[in-house]
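Listed below, chain by chain, are the residues.
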Amino acid sequence: MSKTNQKVSRRQQILEALAHMLEASPGARITTAALAKEVGVSEAALYRHFPSKSKMFEGLIEFVEETIFSRIKLILSEEPAAIDRCEKILFLLLSFTQRNPGITRLLTGDALTGETGRLRNRIAQLFERIETQIKQILREAELREGLRPTLPLSAAANLLLCLADGRITQFVRSEFKRQPTEYWADQWQTIAAGLMTPVTISTV
């Protein structure tokens, strides 16, 4: 293995250990000393790969961004209906967090107490970007399908994001006992039934 591959492998190992510790110790603050012990290296070795703990958190956030938005792009390319696009994006968020409990603590801000504001802003921007994408889907539904939200556009997009956001927060608050996808199929049927209405064309 080349030195470059070794470096990438060690970086990956550090990030995986960090995610595992976030999951294994809900509510606990992760120290670099504890992380170094988990990885089996010195603290100095950690800092050779990441200049700070904030950069380690940033590495996990980048993983979230790359995973979520690449899959949203796939959903948009494969699914034409607005209702189904929205459902699949929200379910993507819920299922991703269910599979990655430790990283979910970053998404709710639970693990960022005392960390730099840049990280909290980046998480906020991630959710804003998803909300903007949902808003765009609902906007396009009028032209593509003759449907519009029963709520004002911005309010409808925000409602959908809040549905997922609330379930993700409950997941962390319950220390990963309440699964984000619990009851989702039934709840979505009720939401979807009242979300859109046909566009009324005036003949006057």
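First, a word on what this report is: a plain description of the structure on this page. Not measured: the values here are computed from a predicted model. (Residues numbered from 1 in each chain as written. Predicted model: local features only at pLDDT ≥ 70, side-chain atom pairs only at ≥ 80, totals over all residues. Heavy atoms only, no water.)

### Considering the overall build of the protein
Right, so step 1: Secondary structure summary: the protein contains nine helices and two strands in total.
Right, so step 2: Helices and strands appear in the protein in the N-to-C order α-α-α-α-α-α-α-β-α-α-β.
Right, so step 3: In terms of overall dimensions, the protein has C-alpha extents of about 75 × 35 × 30 Å along its principal axes.
Right, so step 4: In the protein, buried positions account for 41% of the 204 residues.
Right, so step 5: The long-range share in the protein, meaning contacts at least 24 apart out of those at least 6 apart in sequence, stands at 70%.
Right, so step 6: On the protein, roughly 11100 Å² of surface is accessible, and the fraction owed to carbon and sulfur atoms is 52%. (Helix = DSSP H or I, 4+ residues; strand = E, 2+ residues; numbered from the N terminus. Buried < 20%, exposed > 50% of the residue type's maximum accessible area, 1.4 Å probe, protein only. Contact = heavy atoms within 4.5 Å. Areas by Shrake-Rupley, 256 points an atom, 1.4 Å probe, with all protein chains shown as cover.)

### Some thoughts on the environment of Gly27
Right, so step 1: Within the secondary structure, Gly27 sits in the loop between helix H1 (3–24) and helix H2 (32–39).
Right, so step 2: Gly27 gets classed as exposed once you look at its relative accessible area, which sits at 60%.
Right, so step 3: Spatially, the C-alpha atoms of Gly27 and Ile191 are 32 Å apart, while their sequence positions differ by 164 residues.
Right, so step 4: Gly27 has contacts with Arg105 and Asp110, leaving out every residue within four places of it along the chain.

### Some remarks on the pattern of salt bridges
Right, so step 1: Overall, the coordinates contain 11 salt bridges when judged by the stated rule.
Right, so step 2: With a closest N to O distance of 3.6 Å, Glu58 and Lys55 form a salt bridge. Taken together, the positions of Glu58 and Lys55, both in helix H4 (residues 53–78) and three residues apart, correspond to about one turn of that helix.
Right, so step 3: Judged by its relative accessible area of 10%, Glu58 falls in the buried class.
Right, so step 4: Accessibility expressed as a relative area gives 36% for Lys55, which makes it partly exposed.
Right, so step 5: When the shortest N-O distance is used, the salt bridge between Glu142 and Arg148 registers 2.8 Å.
Right, so step 6: Among the ionic contacts, a cluster of salt bridges with common partners joins Lys55, Glu58, Glu62, Glu65, Arg118 and Arg122. (Salt bridge = Lys/Arg side-chain N within 4 Å of Asp/Glu carboxyl O.)

### Considerations on H2
Right, so step 1: Thr32, Leu35, Ala36 and Val39 are the residues of H2 that are buried. Here the buried residues of H2 occupy an arc of 100° about the axis, which is enough to place them on one side.
Right, so step 2: Where H2 terminates, the next one or two residues include Gly40, which has phi positive at roughly 90°. (Arc of directions from axis to C-beta.)

### Concerning helix H5 (residues 82–99)
Right, so step 1: Under the 1.5 Å per step criterion, the end-to-end length of H5 is 26 Å for 18 residues, consistent within 8% with the ideal 26 Å.
Right, so step 2: Considering only its buried residues, H5 is in contact with H4, helix H6 (101–107), helix H7 (117–145), helix H8 (153–173) and helix H9 (184–195). (Expected span 1.5 Å × (residues − 1).)

### Examining the packing of H4 against H5
Two measures define how a pair of helices packs: the angle their axes make with one another and the distance between the axes.
Right, so step 1: Between H4 and H5, the shortest axis-to-axis distance is 10 Å and the interhelical angle comes to 150°. Relative to H5, the element H4 lies roughly antiparallel. For the element pair H4 and H5, the recorded crossing hand is right-handed. Only Arg85, Lys88, Ile89, Leu92, Leu93, Phe96 and Arg99 of H5 make contact with H4, whose side of the interface consists of Phe63, Val64, Thr67, Ile68, Arg71, Ile72, Ile75 and Leu76.
Right, so step 2: A breakdown of the residues in the contact of H4 with H5 according to their chemical character gives 10 nonpolar, one polar and four charged. (Axes fitted to C-alpha atoms, helices over the stretch in contact; angles between N-to-C directions. Parallel < 35°, antiparallel > 145°, perpendicular 65-115°, else oblique. Left-handed = near helix turned anticlockwise from the far one by under 90°. Nonpolar A, V, L, I, M, F, W, Y, C, P; charged D, E, K, R; others polar.)

### Focus on the nonpolar core
Right, so step 1: In this structure, Leu35, Ile130 and Leu138 are the most contacted members of the largest nonpolar core, which totals 57 residues.
Right, so step 2: Not counting residues up to four positions away in its chain, the partners in contact with Leu138 are Cys86, Pro149, Leu153, Ala156, Ala157, Leu160, Leu195 and Met196. (Core = buried A, V, L, I, M, F, W, Y, C linked by side-chain atoms within 4.5 Å.)

### Topic: the packing of aromatic side chains
Right, so step 1: All told, the structure shown has three aromatic pairs when counted by the stated rule.
Right, so step 2: Centre to centre, the rings of Phe171 and Phe176 are 5.2 Å apart; their planes meet at 55°, and the pair counts as tilted.
Right, so step 3: Ring centres of Trp184 and Trp188 lie 5.7 Å apart, and the angle between their planes is 25°; on these two criteria the pair is classed as stacked. Linking Trp184 with Trp188, this pair stays in helix H9, spanning four residues, or about one helical turn.
Right, so step 4: Take Trp184: its relative accessible area is 4%, and that puts it in the buried class.
Right, so step 5: Sitting over the face of the ring of Phe69, Arg129 holds its NZ or CZ atom 3.6 Å from the ring centroid. (Phe/Tyr/Trp six-rings, centres within 6.5 Å; stacked < 30°, edge-to-face > 60°. Lys NZ or Arg CZ within 6 Å of the ring centre and 35° of its normal.)

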